[in-house]
Amino acid sequence: MTTESPSPDLLPLDAFWALIADAGTRAASEPTFADRLTELLTGRTRDEVVAFERRFTALHDALYRWDVWAAGYLIGGGCSDDSFIDFRTGVIALGRDRYGRVLAAPDSLAGFPGEPEELEEIFDEDTNYAAAKAFEAVHGDEEEWHELLADPHRPASHEPVGEDFDFDDDEEMRRRLPGLAALFL
């Protein structure tokens, strides 16, 4: 009797960002970024889809910081826990370069090309589920998906990294995120 191989690791960064770039490039002519990403992932192996989701989760978790949340709060005119999940997903969907800039300095979103209102479109709920939809469509069911992604070392709940501060304190927001504050306060 053979046993199932161990869970796949993270998708290599270059492969992950190539999928994000491809989905972004084609999303202009496709229904949505999330739809295009789901389509791209349905052509991948079971292990690749799981590895993609693990990489996505790691990058998503790296954005779980108070300063990034404050940026989402300014852009969205408020930002609940669920909205912050969608905001971090939207930052990933912007691609490798923009993600790196936001990770280094969330206020870099103030230099986003276009009108400030376009930044509000960064909140991207559907992309959170692209890999799960692709997996379920091609490789298995929802229960198997959750079993493959179970990580006993990942805390079920934790606080964002960094210093917590009052997002409703306009002066504090201007001090910490001057570019975004100038656009949204």
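Structure shown above.
Residues numbered from 1 in each chain as written. Predicted model: local features only at pLDDT ≥ 70, side-chain atom pairs only at ≥ 80, totals over all residues. Heavy atoms only, no water.

### A word on the overall build of the protein
Broken down by element type, the protein carries 11 helices and 0 strands. Reading the helices (α) and strands (β) of the protein from amino to carboxyl end gives α-α-α-α-α-α-α-α-α-α-α. Looking at the protein residue by residue over its 185 residues, the buried ones come to 39%. Of all intrachain contacts in the protein linking residues separated by at least 6 positions in sequence, the fraction that spans at least 24 positions is 72%. (Helix = DSSP H or I, 4+ residues; strand = E, 2+ residues; numbered from the N terminus. Buried < 20%, exposed > 50% of the residue type's maximum accessible area, 1.4 Å probe, protein only. Contact = heavy atoms within 4.5 Å.)

### Section: the packing of aromatic side chains
A ring pair, where both rings are aromatic, is described by two values, the distance of the centres and the angle of the planes. Counted according to the given criterion, the structure contains 13 aromatic pairs. Ring plane angle 45 degrees and centroid distance 5.4 Å describe the contact between W17 and Y99, whose orientation is recorded as tilted. In this pair, W17 is assigned in helix α1 (residues 13–27) and Y99 in helix α6 (residues 96–104), connecting sequence segments 82 residues apart. Of the two residues examined, W17 and Y99, each falls in the buried class. For the ring pair F52 and F56, a centre distance of 6.5 Å and an interplane angle of 20 degrees mean the geometry is stacked. Placement of the pair is F52 and F56 together in helix α3 (residues 46–62), with a separation of 4 residues, close to one helical turn. Given the relative accessible area of 6%, F56 is considered buried. (Phe/Tyr/Trp six-rings, centres within 6.5 Å; stacked < 30°, edge-to-face > 60°.)

### Looking at the environment of A182
Along the polypeptide, A182 turns up in helix α11 (residues 178–184). A relative accessible area of 65% places A182 in the exposed class.

### As for the side chain of D107
With respect to the element layout, D107 can be found in the loop between α6 and α7 (116–119). Among buried charged residues, D107 stands out as having no salt bridge; its nearest opposite-charge side chain is R98, 11 Å away. Only 2.8 Å separates the side chain of D107 from the backbone nitrogen of G179, close enough to count as a polar contact. Apart from residues lying up to four places away in sequence, D107 is in contact with L177, P178, G179 and L180. (Lys, Arg positive; Asp, Glu negative; His and termini not counted. Salt bridge = Lys/Arg side-chain N within 4 Å of Asp/Glu carboxyl O. Polar contact = N/O pair within 3.5 Å; in protein donor to acceptor, adjacent residues only side chain to side chain.)

### Some points on the packing of helix α4 (residues 66–76) against helix α5 (residues 81–93)
The axes of two packed helices give the description: the angle between them and the distance between them. Contact geometry of α4 with α5 gives a least axis separation of 10 Å together with a crossing angle of 100 degrees. With respect to α5, the axis of α4 lies roughly perpendicular. For the pair α4 and α5, the contacting residues are V68, W69, A71, G72 and I75 in the first and D81, F84 and F87 in the second. Taken together, the residues of the contact of α4 with α5 sort by class into 6 nonpolar, 1 polar and 1 charged. (Axes fitted to C-alpha atoms, helices over the stretch in contact; angles between N-to-C directions. Parallel < 35°, antiparallel > 145°, perpendicular 65-115°, else oblique. Nonpolar A, V, L, I, M, F, W, Y, C, P; charged D, E, K, R; others polar.)

Remember that the coordinates give geometry; whether it matters functionally is a separate question.
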